[in-house]
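Coordinates in review
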Amino acid sequence: MKIEKVMVVGAGQMGSGIAEVFAVSGYQVILHDLQGEVVKNSLTKIKQNLDRQAAKGRLTETEKRAVLKRLSLSTRLASAADVDLVVEAVVENMDIKCKLFYHLDKIAPENVILATNTSSLPITEIAAATKRPEKVIGMHFMNPVPVMKLVEIIRGLATEDEVYQAIEDVTKTLHKVPVEVKDFPGFVSNRILMPMINEAIYAVYEGVASPEAIDDVMKLGMNHPMGPITLADFIGLDTCLSIMETLHAGFGDDKYRPCPLLRKYVKAGWLGKKTGKGFYEYNIMT
């Protein structure tokens, strides 16, 4: 399977990062979102990131211009008719993802691989929305995508070996490290990380310690580069809640029950860094 042109569906933080690493690695990339303003803003962020890389000497001006030339924007899902790979990076919601894959299946040629960047949802269920479950696979990038080296690659029940190998090979061309993971809720990364974050939030909820104290314990005592409360704010508390709900529903085990304080913050709109307020406060550009 030769992959040269990629469409990234969803131009949020993850989608724009995925589009950037593909373009930097020499692929032709279509960055898609339903809202034109969103894709334009994402392109601006990609340009700013490339400018920083150029300023540090990691990219020449010629290379930067070449990367941007390989990037195009789209607000029409029909663009999937002319690519070799689609990587979906929309909101972490099963209904939305299944509807999207249903439509992509009708638009993209039958040989095109449909990958999802879901952080916790079952690949097999997403694949069932298509008539090509053998060509559906999980490709879970870590945030921030341009920096983090890991990509979890998750087979669905029907994913072909050839498709897995193609995605593993593509991942290596992005200078990432592919790790094969089975199709279980939360895969490996979030099955381990999110309960830790949830337990840290419980410690705040129960008055065990302040967010600052909990973060200091994990940074200074466990050698974590970032405390779990800060990390939750950076990930987005709504995303943390969504993943915990997926784990709770998928395993039926109360050890995955989301902390009531996490639910309360999400209902209040305190989602972390992206909204300017979570467990900490942030200055955000308006």
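Residues numbered from 1 in each chain as written. Predicted model: local features only at pLDDT ≥ 70, side-chain atom pairs only at ≥ 80, totals over all residues. Heavy atoms only, no water.

Quick note on the threshold: UniProt positions are given in the numbering used here, feature names are shortened, and annotations may be inferred rather than shown by experiment.
As recorded in an unreviewed UniProt entry, the chain goes by 3-hydroxybutyryl-CoA dehydrogenase and comes from Bacillus taeanensis. Quoted verbatim from the Sequence similarities (unreviewed entry) field of the UniProt record, the comment on the chain reads "Belongs to the 3-hydroxyacyl-CoA dehydrogenase family." We quote the UniProt Pathway (unreviewed entry) comment for the chain here in full: "Lipid metabolism; butanoate metabolism."

1. Some remarks on the side chain of Thr116
Selection rule: Secondary structure elements follow DSSP: runs of H or I no shorter than four residues count as helices, runs of E no shorter than two count as strands, and numbering proceeds from the N terminus. Each residue is assigned to one of three classes by its accessible area relative to the maximum for its type, calculated with a 1.4 Å probe on protein chains only: buried under 20%, partly exposed between the two thresholds, exposed over 50%. Whenever a nitrogen or oxygen atom comes within 3.5 Å of another N or O atom, the pair is scored as a polar contact, on the condition that within protein one atom can donate a hydrogen and the other can accept it, and that pairs from neighbouring residues in sequence are kept only if both atoms are in side chains. Throughout, a contact is declared for two residues whenever any of their heavy atoms are within 4.5 Å.
Along the chain, the position of Thr116 falls in strand S5 (residues 113–116). A residue is classified by how much of its surface remains accessible, and Thr116, at 0% relative accessible area, is buried. There is a polar contact of 3.1 Å between the side chain of Thr116 and the backbone nitrogen of Thr118. Contact partners of Thr116, with chain neighbours within four places excluded, come to Glu88, Lys97, Phe101, Ile123, Ile126, Ile137, Gly138, Met139 and His140.

2. Let's talk about the side chain of Glu92
Among the secondary structure elements, Glu92 is positioned in the loop between strand S4 (85–88) and helix H4 (94–107). In this structure Glu92 comes out as buried when scored by relative accessible area, which is 17%. One polar contact links Glu92 to Thr118, side chain to side chain, over a distance of 2.7 Å.

3. Observations regarding the pairing of strand S8 (residues 177–181)
Just so we agree on the cut-off: Following DSSP output, two strands are said to pair if at least two bridges run between them. Convention used here: a crossover is right-handed provided that the path from the first strand, over the helix, to the second strand proceeds clockwise when the strands point away from the viewer.
In this sheet, S8 lies alongside strand S7 (residues 150–155) in parallel orientation, the contact comprising 5 bridges. Looking across to S8, one finds that Leu150 is bridged to Val177. Taking the sense of rotation as the criterion, the β-α-β connection linking S7, helix H6 (residues 161–173) and S8 turns out right-handed.

4. Focus on the domain arrangement of the chain
Rule in force here: Domain limits in this description derive from either an automatic procedure or a database domain assignment. Summed over both partners, the accessible area (1.4 Å probe) lost when two parts come together is defined as the buried area. Any carboxyl oxygen of Asp or Glu within 4 Å of a side-chain nitrogen of Lys or Arg constitutes a salt bridge here.
Looking at the chain, the domain boundaries give domain 1 (5–182) and domain 2 (190–275). Contacts between domain 1 and domain 2 engage 5 residues on the former and 4 residues on the latter. Across the domain 1 to domain 2 interface the summed buried area is about 430 Å²; carbon plus sulfur atoms make up 45%. The largest per-residue losses of area from domain 1 upon contact with domain 2 belong to Glu92, Ser119 and Ser120, which jointly make up 67% of the total buried on that side. The interface formed by domain 1 and domain 2 includes 0 salt bridges. Joining domain 1 to domain 2, the criterion identifies 2 residue pairs in polar contact (both at pLDDT 80 or more).

5. Remarks on the pattern of salt bridges
Taken as a whole and assessed by the stated rule, the structure comprises 15 salt bridges. With its nearest N and O atoms 2.6 Å apart, the salt bridge here joins Asp105 to Arg132. Taken together, the positions of Asp105 in helix H4 and Arg132 in the loop between helix H5 (123–127) and strand S6 (136–141) put the pair 27 residues apart, joining distant regions of the chain. With respect to class, Asp105 is no different from Arg132; both count as buried. For Glu245, the salt bridge goes to Arg263, with nearest N and O atoms at 2.7 Å.

6. Let's talk about helix H11 (residues 260–268)
For the record, the criterion: Summarising the geometry, the arc corresponds to the directions from the helix axis toward the C-beta atoms.
Those residues of H11 that sit buried are Leu261, Leu262 and Tyr265. On an axial view of H11, the arc spanned by its buried residues comes to 105°, and they lie on one face. Seen from the open side of H11, the exposed residues pointing more than 90 degrees away from its buried face are Lys264 and Lys267. Buried-residue contacts for H11 involve helix H7 (189–205) and helix H10 (237–251).

7. A closer look at the UniProt feature "domain: 3-hydroxyacyl-CoA dehydrogenase NAD binding" (unreviewed entry) in the chain
UniProt's feature table lists "domain: 3-hydroxyacyl-CoA dehydrogenase NAD binding" (unreviewed entry) at residues 5–183, given in the numbering used throughout. Across residues 5–183, helical content stands at 41% and strand content at 22%; the span's end C-alpha atoms are separated by 27 Å.

8. With respect to the UniProt feature "domain: 3-hydroxyacyl-CoA dehydrogenase C-terminal" (unreviewed entry) in the chain
UniProt tags residues 186–282 as "domain: 3-hydroxyacyl-CoA dehydrogenase C-terminal" (unreviewed entry). Along residues 186–282 one finds 63% helix and 0% strand; the C-alpha atoms at either end are 28 Å apart.

9. Let's talk about the sheet that holds S8
Worth spelling out the cut-off: Lines fitted to C-alpha atoms define the axes here, with helix axes fitted over just the stretch in contact, and angles between the N-to-C directions of these axes take values from 0 to 180 degrees.
Read across the open sheet, the 8 strands follow the order S3-S2-S1-S4-S5-S6-S7-S8; overall the sheet is mixed. A strand with exactly one partner marks an edge of an open sheet, and here the two such strands are strand S3 (71–74) and S8. Each strand axis lies, on average, 25° off the axis of its neighbour in the sheet, ignoring direction. Bridge count between S5 and S6: 3 bridges; the pairing is parallel. What sits directly across from Leu114, in S6, is Val136. Those strands touched by helix H2 (residues 36–55) are strand S2 (28–32) and S3, and its axis lies near 160° from that of S3.

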